[in-house]
Amino acid sequence: MGRHDEAETALRRVVDFTTQQYGADSIENAVPLRNLAVHLGSTGRQERALDLLLQVLALEQAVLAPDAAALLRTRVLIGRVLADLGRYGDAEVMFTEILALASRRWEKPMWSPRRRRANWAS
């Protein structure tokens, strides 16, 4: 069920467009490539999905902080694809790295009751 071929064609067109507009090494390609990778993974093409996700990871690592949400999301997708491929050891390493990076994000609270009360008073 579904129109997977049409969806893939549309996703590839978006990737082609962003590549033409911004260049192959632009961060602007990360989301379209990630979307195409997710689609390929959902249609059983995990090896190709992994290749694209590793490309996305490289694009994001070049410009984003190691604990950026988009980068963590890409790492989660890579871990899932690795597990789907039966590469459980590699997936475990990826998920362990994700937890370490995510815990750094949570060390500095983004919200505190004191800060919130101060904002209400103004």
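Attention here is on the structure that accompanies the text. (Residues numbered from 1 in each chain as written. Predicted model: local features only at pLDDT ≥ 70, side-chain atom pairs only at ≥ 80, totals over all residues. Heavy atoms only, no water.)

### Concerning the nonpolar core
Using the following cut-off: What is meant by a nonpolar core is a set of buried Ala, Val, Leu, Ile, Met, Phe, Trp, Tyr and Cys residues, joined one to another through side-chain atoms within 4.5 Å. Relative accessibility thresholds used throughout: buried, under 20% of the residue-type maximum; exposed, over 50%; partly exposed, between the two (1.4 Å probe, protein chains only). Going along the chain from the N terminus, every DSSP run of H or I of four or more residues is numbered as a helix, and every run of E of two or more is numbered as a strand. The contact criterion used throughout is that any non-hydrogen atoms of two residues lie within 4.5 Å.
Counting residues in each nonpolar core, the largest one holds 25 residues, and the members touching the most others are Leu-33, Leu-52, Leu-53 and Ile-78. Residue assignment for this core shows that the elements contributing at least two residues are α2 (30-42), α3 (46-63), α4 (69-84) and α5 (88-107). Ranked by residue count, the leading element in this core is α3, at seven residues. Ignoring sequence-local partners within four residues, the contact set of Leu-33 consists of Val-15, Leu-52, Gln-55, Val-56 and Leu-59.

### Section: a nonpolar patch on the surface
What counts here: Exposure above 30% relative accessible area and the absence of a salt bridge qualify a residue for a patch, where like charges join within 9 Å and nonpolar side chains (Val, Leu, Ile, Met, Phe, Trp, Tyr) within 5 Å. Working definition of accessibility: Shrake-Rupley area with a 1.4 Å probe, residue cover restricted to the visible protein chains. Should a side-chain nitrogen of Lys or Arg be within 4 Å of a carboxyl oxygen of Asp or Glu, the pair is scored as a salt bridge.
Taken together, Ile-27, Val-63 and Leu-64 make up a surface patch of nonpolar side chains, about 220 Å² in accessible area. By the secondary structure assignment, Val-63 is in helix α3.

### Overview of the environment of Asn-29
Convention followed: Any pair of N or O atoms that falls within 3.5 Å is considered a polar contact. Within protein, one atom must be able to donate a hydrogen and the other to accept it, and sequence-neighbouring residues count only if both atoms are side-chain atoms.
With respect to the helices and strands, the residue Asn-29 is situated in the loop between α1 (4-22) and α2. Note on Asn-29: relative accessible area 1%, which makes it buried. Spatially, the C-alpha atoms of Asn-29 and Val-14 are 8.9 Å apart, while their sequence positions differ by 15 residues. The contact partners of Asn-29, leaving out residues within four places of it in the chain, are Val-15, Thr-18, Thr-19, Gly-23, Ala-24 and Leu-59. Side chain to side chain, Asn-29 and Thr-18 meet in a polar contact 2.6 Å long.

### Describing the pattern of salt bridges
This model, assessed by the stated rule, comprises six salt bridges. Among the ionic pairs, Glu-97 bridges to Arg-75, the shortest N-O distance being 3.0 Å. Of the two residues, Glu-97 sits in helix α5 while Arg-75 sits in helix α4, which places them 22 residues apart along the sequence. Look at Glu-97 and you get partly exposed, because its relative accessible area is 35%. Two residues, Asp-90 and Arg-87, come together in a salt bridge whose shortest N-O distance is 3.0 Å.

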